[in-house]
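# Breakdown of the fold
Here is what each chain is made of, one letter per residue.
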Amino acid sequence: MNRRSFFQSMAATTALGLAPERPVQAAVPKMKITRVRAYAPPNPNPLFNQSDMVVTIETDAGITGIGEGGSKDTLEQCAGRLIGKDPSLIERLWQDMFRAYFYPAGREKMHALGALDLALWDIRGKALNQPVHAVLGGMVRNYCECYNTAGIVPGIRQGMSIKERAQATIAAGYRAFRFGAADTPANTTYNTHQKINQVYDECVQVREGVGKTGDFCIDFHQRFDLSDAIRGCDLIKDLAPFFVEDPVRTEAFQEDLPILRKAVKVPLAAGEEWGNRWDFNKLLEGHDIDYLRATLPNVGGITEMMKVLAICETHFVGIVPHFTGPISTAALVNALGTFSGPVLMEYNYGGRTIPHMPVGLDFKEGKLYPSDRPGLGVELDMKPLKQVTEITQYATNRAQTYFRPDGSITNW
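Here we summarise the structure given alongside this text. (Residues numbered from 1 in each chain as written. Predicted model: local features only at pLDDT ≥ 70, side-chain atom pairs only at ≥ 80, totals over all residues. Heavy atoms only, no water.)

### Things to note about the overall build of the chain
When you go through the chain residue by residue, the secondary structure sums to 12 helices and 16 strands. For the chain, whose C-alpha radius of gyration is 22 Å, the value lies close to the compact-globule estimate of 22 Å for 412 residues. Projecting the C-alpha coordinates of the chain onto the three principal axes gives extents of approximately 60 × 50 × 40 Å. The buried share among the 412 residues of the chain stands at 56%. Once local pairs closer than 6 in sequence are excluded, the contacts in the chain between residues at least 24 apart make up 72%. Across the chain, the mean location of the 44 positive side-chain charges is 3 Å away from that of the 46 negative side-chain charges. (Helix = DSSP H or I, 4+ residues; strand = E, 2+ residues; numbered from the N terminus. Rg over C-alpha atoms; globule rule 2.2 N^0.38 Å. Buried < 20%, exposed > 50% of the residue type's maximum accessible area, 1.4 Å probe, protein only. Contact = heavy atoms within 4.5 Å. Lys, Arg positive; Asp, Glu negative; His and termini not counted. Charge placed at Lys NZ, Arg CZ, Asp CG, Glu CD.)

### Remarks on a nonpolar patch on the surface
Residues Phe-102, Tyr-103, Tyr-402 and Trp-412 make up a contiguous nonpolar surface patch of about 560 Å² in total accessible area. Residue placement: Phe-102 occurs in the loop between helix H3 (90-99) and helix H4 (107-128). What makes Phe-102 exposed here is its relative accessible area of 52%. (Patch = residues over 30% accessible without salt bridge, like charges linked within 9 Å, V, L, I, M, F, W, Y side chains within 5 Å. Areas by Shrake-Rupley, 256 points an atom, 1.4 Å probe, with all protein chains shown as cover. Salt bridge = Lys/Arg side-chain N within 4 Å of Asp/Glu carboxyl O.)

### What about the sheet that holds strand S2 (residues 54-59)?
Think of a sheet as strands paired side by side through backbone hydrogen bonds, with each pair either parallel or antiparallel. The antiparallel open sheet is built from 4 strands, whose spatial order is S3-S2-S1-S14. The two strands at the open ends of the sheet, each matched to only one other strand, are strand S3 (64-68) and strand S14 (386-391). Pairs of neighbouring strands in the sheet enclose a mean axial angle of 20 degrees, with direction left out of account. In this sheet, S3 lies alongside S2 in antiparallel orientation, the contact comprising 5 bridges. If you follow Ile-57 over to S3, its bridge partner there is Gly-65. Its contacts with the sheet place helix H12 (residues 326-336) against S2 and S3, and it is angled at close to 105 degrees to S3. (Pairing = 2+ DSSP bridges. Axes fitted to C-alpha atoms, helices over the stretch in contact; angles between N-to-C directions.)

### Thoughts on the nonpolar core
By size, the foremost hydrophobic cluster in this structure holds 106 residues, and its most contacted members are Leu-116, Leu-292 and Met-305. In terms of residue count, H4 provides more of this core than any other element does, 11 residues in total. Apart from the residues lying within four places of it in its own chain, the contact partners of Leu-116 are Val-36, Val-55, Ile-57, Leu-75, Cys-78, Ala-79, Leu-82 and Met-97. Tyr-147, Phe-242, Tyr-291 and Val-320 belong to the second largest nonpolar core, which has 9 residues in total. (Core = buried A, V, L, I, M, F, W, Y, C linked by side-chain atoms within 4.5 Å.)

### Concerning the environment of Pro-104
Inspection of the secondary structure puts Pro-104 in the loop between H3 and H4. Considering only alpha carbons, one finds Pro-104 and Asn-411, 307 residues apart in sequence, at a separation of 9.9 Å.

### Brief notes about the pattern of salt bridges
In this structure the tally under the stated criterion is 22 salt bridges. When the shortest N-O distance is used, the salt bridge between Asp-279 and Arg-107 registers 3.2 Å. Taken together, the residues Asp-279 in the loop between strand S8 (268-270) and helix H10 (281-285) and Arg-107 in helix H4 connect sequence positions 172 residues apart. The exposure class of Arg-107 is partly exposed, given its relative accessible area of 33%. Among the ionic pairs, Asp-381 bridges to Lys-383, the shortest N-O distance being 3.0 Å. Where salt bridges share partners, they join Arg-35, Arg-37, Glu-58 and Glu-390 into one cluster.

### A few points about helix H6 (residues 162-171)
Buried residues of H6: Ile-162, Ala-166, Ala-168 and Thr-169, and no others. Take H6 and look down its axis: the buried residues cluster within an arc of 165 degrees, on one side only. Structurally, H6 contributes buried residues whose contacts are with strand S5 (176-180) and helix H7 (192-210). Two residues or fewer after H6 comes Gly-173, characterised by a positive phi angle close to 105 degrees. (Arc of directions from axis to C-beta.)

### Digging into the side chain of Lys-367
By the secondary structure assignment, Lys-367 is in strand S13 (residues 367-369). Within the buried core, Lys-367 has no salt-bridge partner, and the shortest N-O distance to an opposite charge, that of Glu-365, equals 5.6 Å. Reaching out from Lys-367, the side chain makes a polar contact with the backbone oxygen of Gly-173 at a distance of 3.2 Å. Of note is the side chain of Lys-367, whose polar atom sits 3.3 Å from the backbone oxygen of Glu-365. Each residue touching Lys-367, except ones within four places of it in the same chain, is listed here: Tyr-143, Cys-144, Cys-146, Gly-173 and Asp-362. (Polar contact = N/O pair within 3.5 Å; in protein donor to acceptor, adjacent residues only side chain to side chain.)

### Things to note about the packing of aromatic side chains
Under the counting rule described, the total for this entry stands at 18 aromatic pairs. Measuring from centroid to centroid gives 6.1 Å for Phe-179 and Phe-216, while their planes differ by 40 degrees, and the two rings are tilted. Of this pair, Phe-179 sits in strand S5 while Phe-216 sits in strand S6 (residues 215-219); the two residues are 37 residues apart in sequence, bridging distant segments of the chain. In this structure Phe-179 comes out as buried when scored by relative accessible area, which is 5%. (Phe/Tyr/Trp six-rings, centres within 6.5 Å; stacked < 30°, edge-to-face > 60°.)

### Some remarks on unusual backbone geometry
Look at the link from Leu-296 to Pro-297: it is a cis peptide, with omega at 0 degrees. As for its placement among the helices and strands, Pro-297 is situated in the loop between strand S9 (291-292) and helix H11 (302-314). With a phi close to 55 degrees, Asn-129 is a non-glycine residue in the positive phi region. Look at Glu-365: it is not a glycine, yet its phi comes out positive at around 50 degrees. The exposure class assigned to Glu-365 is exposed, which follows from its relative accessible area of 54%.

### Let's talk about the side chain of Asp-228
Structurally, Asp-228 is set in helix H8 (residues 226-236). Arg-231 provides the closest opposite charge to the buried, salt-bridge-free Asp-228, at an N-O distance of 4.5 Å.

The following block contains the structure:
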């Protein structure tokens, strides 16, 4: 089904607008992983933990899974543990990639592990002829609401005031208008005491732009020490922001966010630089944030994200994932669509074409819709991609684990 026919048929699927059911194949083929490849997209993101490298996992059944993230070195070590294995054993493969090399995966390696995990879930959906969200239990929402970061918003023109930009964003169908705290050009002086006053003035204009019933989010970008963060939150509390994002430095989250939570009366969001659930579990348990910013593939893929969502649900924390690559954005719709709590997605592909992924993001009027295409629902155009590495041999060098008597993996 192409993008046009998707939207034409959306209203006819069900009364709720959910993706229609697809027939499951009579028998899921037995498979083994034969090869993993990684490709650089056009204009790749140079930041480790925002990598948009394309990853494919090939099987002897002719089914190929598509993922995204990682780097050559981090992907090669993780992918080496997959060759010859059954791709349906996703949790077992995740545990092996995470544990096999003695040192637990840091945030950069977790990104690579997550990229491969996305591809494993893509294989699983394709083998079952189901979208991944159906394999995970099915959608609980009709669509994922979004706010814009760097995409093209209809009605916004160069030179418009922040009030006019906020008004145009809401008119385009986005749930919220997002902006940075008194943004100035990078690598220039930023006087935090002075900028706090500018933050208040801009928030006043934004509230006027979105109206009484509209929403706005402000990203403090970790620019402020605790004292300035408290002052900034206090100044804007009566303007009712949807949330204040990353109010203090990530390194100080465990210590300062609990203090901030008790001191201010605005919703707090944090976590775009976090990795897996151990980074933020204690803060969620303490109700020290209202929205978690963890994203794919950074947390370790869909396997880990589903556990993160369970923690969020247990503590009534919403999830607002950080923007990510286009394949991972499609994966987020599949995973977050099954989460019963509040969801708001950061989206920056509005009005932009993606040369290597012509199919995958079903976006319309500020909202991302689920797809009924099998797997993650993405299709690649390989022509713009440049192969970076290929893994065909099972990796055993310095890889070692122990097994419990029941066969489950434990640490060496």
